[in-house]
Amino acid sequence: IDKYTLGMAGEYAVCSELLRRGIDASITMGNAKATDVVVFCKTVNGNSFKKIEVKTTQTTKFVTNFFNKYHTPDLPHPDIWILVHIDRDLKARFFILTHEELASIQMERNNINIWQKSEGCDNVLLKDIEPYENMWDKILLEK
């Protein structure tokens, strides 16, 4: 699957899975969008939303470009990252991480212990994120 189509397939798969679970979600459209999927949550303090970044791969490596874009923890960032692995049979697996969880995994992968600008192309491996498979409850928890 070409890169653009694969990315769109991942976003639609995530949105479909969220809606199937009764979570109000919507894909954002456009080339200059700040987030891939928006989730609307009802909380004790009223309504809020969460921004979700979706990364999709058919290999064992997810390109995140994490520290190229989020080199300090105070920069605006997604609340949740959903990494989608689509296998040869076109079956999707979902890995749900908070921004902080992915930062920690990316730091370990980059062999760094502080937030800093990355010179390379940040990526994480499927084996690094397997413990986060199907952790959909993170999306419903109030921030």
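Bear in mind the structure is a predicted one, so any value in this text is a computation, not a measurement. (Residues numbered from 1 in each chain as written. Predicted model: local features only at pLDDT ≥ 70, side-chain atom pairs only at ≥ 80, totals over all residues. Heavy atoms only, no water.)

Bringing unusual backbone geometry into the picture now. Trans peptide bonds make up the majority, and among non-glycine residues the majority have a negative phi. The phi torsion at Leu90 lies on the positive side, around 65 degrees, for a residue other than glycine. Structurally, the position occupied by Leu90 is in the loop between strand E5 (80–86) and strand E6 (92–98). Its identity as a non-glycine residue notwithstanding, Asn111 has a phi of 60 degrees, on the positive side. As for its position among the elements, Asn111 is in the loop between helix H3 (99–110) and strand E7 (123–125). Note on Asn111: relative accessible area 71%, which makes it exposed. (Helix = DSSP H or I, 4+ residues; strand = E, 2+ residues; numbered from the N terminus. Buried < 20%, exposed > 50% of the residue type's maximum accessible area, 1.4 Å probe, protein only.)

Before going further, it helps to spend a moment on the packing of aromatic side chains. Applying the stated criterion to the full structure yields 8 aromatic pairs. Their ring planes at 70 degrees and their centres at 6.5 Å tell us that Phe62 and Phe95 sit as a pair that is edge-to-face. Highlighted residues: Phe62 in strand E4 (residues 61–63) and Phe95 in strand E6, separated in sequence by 33 residues. Under the relative-accessibility criterion, Phe62 is labelled buried at 1%. Counting every residue linked through ring pairs, the aromatic cluster contains Phe66, Phe67, Tyr70, Trp81 and Trp115. (Phe/Tyr/Trp six-rings, centres within 6.5 Å; stacked < 30°, edge-to-face > 60°.)

What follows deals with helix H1 (residues 3–20). When the terminal C-alpha atoms of H1 are compared, their 26 Å separation across 18 residues agrees well with the 26 Å that a helix rising 1.5 Å per residue should span. Considered for burial, the residues of H1 that qualify are Leu6, Met8, Gly10, Glu11, Val14, Cys15, Glu17 and Leu18. The N-cap residue of H1 is Asp2: its side-chain oxygen and the backbone nitrogen of Tyr4 are 3.1 Å apart. Once H1 finishes, Gly22 follows within two positions and takes phi at roughly 80 degrees, a positive value. (Expected span 1.5 Å × (residues − 1). Polar contact = N/O pair within 3.5 Å; in protein donor to acceptor, adjacent residues only side chain to side chain.)

Below, the discussion takes up the environment of Phe66. As for its position among the elements, Phe66 is in helix H2 (residues 66–69). On a C-alpha basis, the gap between Phe66 and Val124 in space is 9.7 Å, while along the polypeptide they are 58 residues apart. If sequence neighbours within four positions are ignored, Phe66 has contacts with Trp81, His99, Leu102, Ala103, Gln106, Trp115 and Asp122. (Contact = heavy atoms within 4.5 Å.)

What follows covers the nonpolar core. Among the nonpolar cores identified, the biggest contains 20 residues, and Val14, Leu18, Val37, Val39, Ile52, Ile82 and Ile139 are the most heavily contacted of them. Taken together, the elements giving at least two residues each to this core come down to H1, strand E1 (24–27), strand E2 (37–43), strand E3 (46–57), E5 and E6. If we ignore the near neighbours within four places in the chain, the residues touching Ile82 are Val14, Ile52, Glu53, Val54, Lys55, Phe94, Phe95, Ile96, Trp136 and Ile139. With 16 residues, the next largest nonpolar core counts Phe62, Phe66, Phe67 and Leu83 among its residues. (Core = buried A, V, L, I, M, F, W, Y, C linked by side-chain atoms within 4.5 Å.)

This part covers the side chain of Asp79. Position of Asp79 relative to the elements: it lies in the loop between H2 and E5. Within the structure, Asp79 has its side chain in polar contact with the backbone nitrogen of Lys51 (distance 2.8 Å).

Another point: the pattern of salt bridges. Within the structure shown, the criterion is met by 6 salt bridges. Here Arg21 and Glu17 are joined by a salt bridge, their closest N and O atoms 2.9 Å apart. Classification of Arg21 by relative accessible area gives partly exposed; the value is 39%. Residue classification places Glu17 among the buried positions, given a relative accessible area of 13%. (Salt bridge = Lys/Arg side-chain N within 4 Å of Asp/Glu carboxyl O.)

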